[in-house]
Amino acid sequence: MTTPPAHYFKHYRKALGFTNQRDAKLFLSGKDIHPGIDWEYLKSMIGRIHEIVEKTHTIASNAEYAPTNDINAFLSSHVDRPFDVIKKNGLIDKLNNQGRRPEQVLFSWLRGYATAAYFIPVVSEILESDTPPKLIGDDDLNKPETFRRTPTADFLLTKNKRNTRIELQSGFQGINDIKEHKVREAHRVLHEYGEHTVCVHIDLFNGQVAFVQLDKIKTNDPNFVTRQQMEGQSVLTIDQNYFKWRLLDKPPTLYDLELEIY
């Protein structure tokens with residue numbers, strides 16, 4: 001059989017009901033079919049976040065740095081309430097990240113959200129802030145854009161009227177990286193506002209916390225690599241020397257961290 005003319009393929013797909021190749025590929029692969037939200041699965045995922053926070057709280061309580069005595073109230077405020085708001089606004093089925101199910105995207109985001117909320121009071125004390133930490137990130141539970149994070153730091157701490165921005169992130173698989181665009185943003189903030197940025201990375205897999213002054217990392221550091229697990233972004237692995245706090249121990253002091261941020 002001779003090769004058909006090029007227009008035949010287009011004519012054939014039109015006969016199937018498609019005017020472009022993309023729609024035909026989606027149809028034939030079944031990738032245009034999106035599963036509905038599995039609410040039982042999601043309920044279990046939310047329950048797992050409860051368990052993670054509760055176990056973390058037990059460790060913090062034993063080491064005498066727990067930021068709250070009422071873990072149930074904390075879970076209600078920082079897990080259940082955000083989940084209810086997101087659900088009420090119909091955002092769950094809009095969540096997508098590299099093909100992951102919406103339930104998994106929400107789990108990852110809400111797990112990090114709760115971890116940040118739990119540790120920021122302790123971080124504020126370690127860094128000797130004069131005022132309560134101020135949320136300055138772009139999180140808005142009413143918008144799906146919340147789950148596509150921007151470089152903006154999460155919190156603002158103040159000491160002696162000098163501000164320091166805190167990028168609080170958490171790791172759960174033993175992979176501890178800093179995204180390159182966070183470093184570039186830190187340099188921009190220092191140049192434009194004279195404010196330092198510290199990445200506080202909570203490695204819950206290994207039970208350790210790193211404090212990294214982002215504006216001290218060179219933007220052209222040769223150790224930046226592209227990592228697919230981090231959405232294909234350029235990242236820098238956090239050196240073990242930055243991990244100044246073991247979660248089984250009491251928190252370090254600002255002096256122990258050797259930071260130059262105020």
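For the structure itself, look to the data block above.
An account of the accompanying structure is given in this report. As the structure is a prediction and not an experimental result, all values here were calculated from the model.

With that out of the way, let us pick up the pairing of strand β2 (residues 155-159). Burial analysis of β2 places 5 of its 5 residues in the buried class, the great majority of the element. Residues of β2 alternate between two faces, with Phe-155, Leu-157 and Lys-159 on one and Leu-156 and Thr-158 on the opposite face, all of them buried. The sheet contact formed by strand β1 (residues 134-135) and β2 spans 2 bridges and is antiparallel. The partner of Lys-134 across the bridge, within β2, is Leu-156. If you look at the hairpin formed by β2 and strand β3 (residues 162-171), you'll find 2 residues sitting between the two strands, and Asn-160 has a positive phi there, around 55 degrees.

Here the focus is the environment of Ser-108. On the secondary structure map, Ser-108 appears in helix α5 (residues 102-126). Each C-alpha atom, one on Ser-108 and one on Ile-49, is 9.3 Å from the other, the two residues being 59 residues apart in sequence. A polar contact of 3.2 Å, which involves the side chain of Ser-108, links it to the side chain of Arg-100.

Moving on, we get to the sheet that holds strand β9 (residues 243-246). The strands that make up a sheet pair up through hydrogen bonds in the backbone, lying either parallel or antiparallel. The strand order β1-β2-β3-β5-β6-β9 describes an open sheet built from 6 strands, whose pairing is mixed. If you trace the sheet from one side to the other, it starts and ends with β1 and β9, each paired once. Alignment of strand β6 (residues 208-213) against β9, held across 3 bridges, turns out to be antiparallel. Looking at the pairing, Gln-208 lines up with Arg-246 of β9. Along the sheet, α5 makes contact with β2, β3, β5 (196-203), β6 and β9, crossing β3 at roughly 140 degrees.

Each value, and the rule that gives it
- Residues numbered from 1 in each chain as written.
- Predicted model: local features only at pLDDT ≥ 70, side-chain atom pairs only at ≥ 80, totals over all residues.
- Heavy atoms only, no water.
- Buried < 20%, exposed > 50% of the residue type's maximum accessible area, 1.4 Å probe, protein only.
- Helix = DSSP H or I, 4+ residues; strand = E, 2+ residues; numbered from the N terminus.
- Pairing = 2+ DSSP bridges.
- Polar contact = N/O pair within 3.5 Å; in protein donor to acceptor, adjacent residues only side chain to side chain.
- Contact = heavy atoms within 4.5 Å.
- Axes fitted to C-alpha atoms, helices over the stretch in contact; angles between N-to-C directions.

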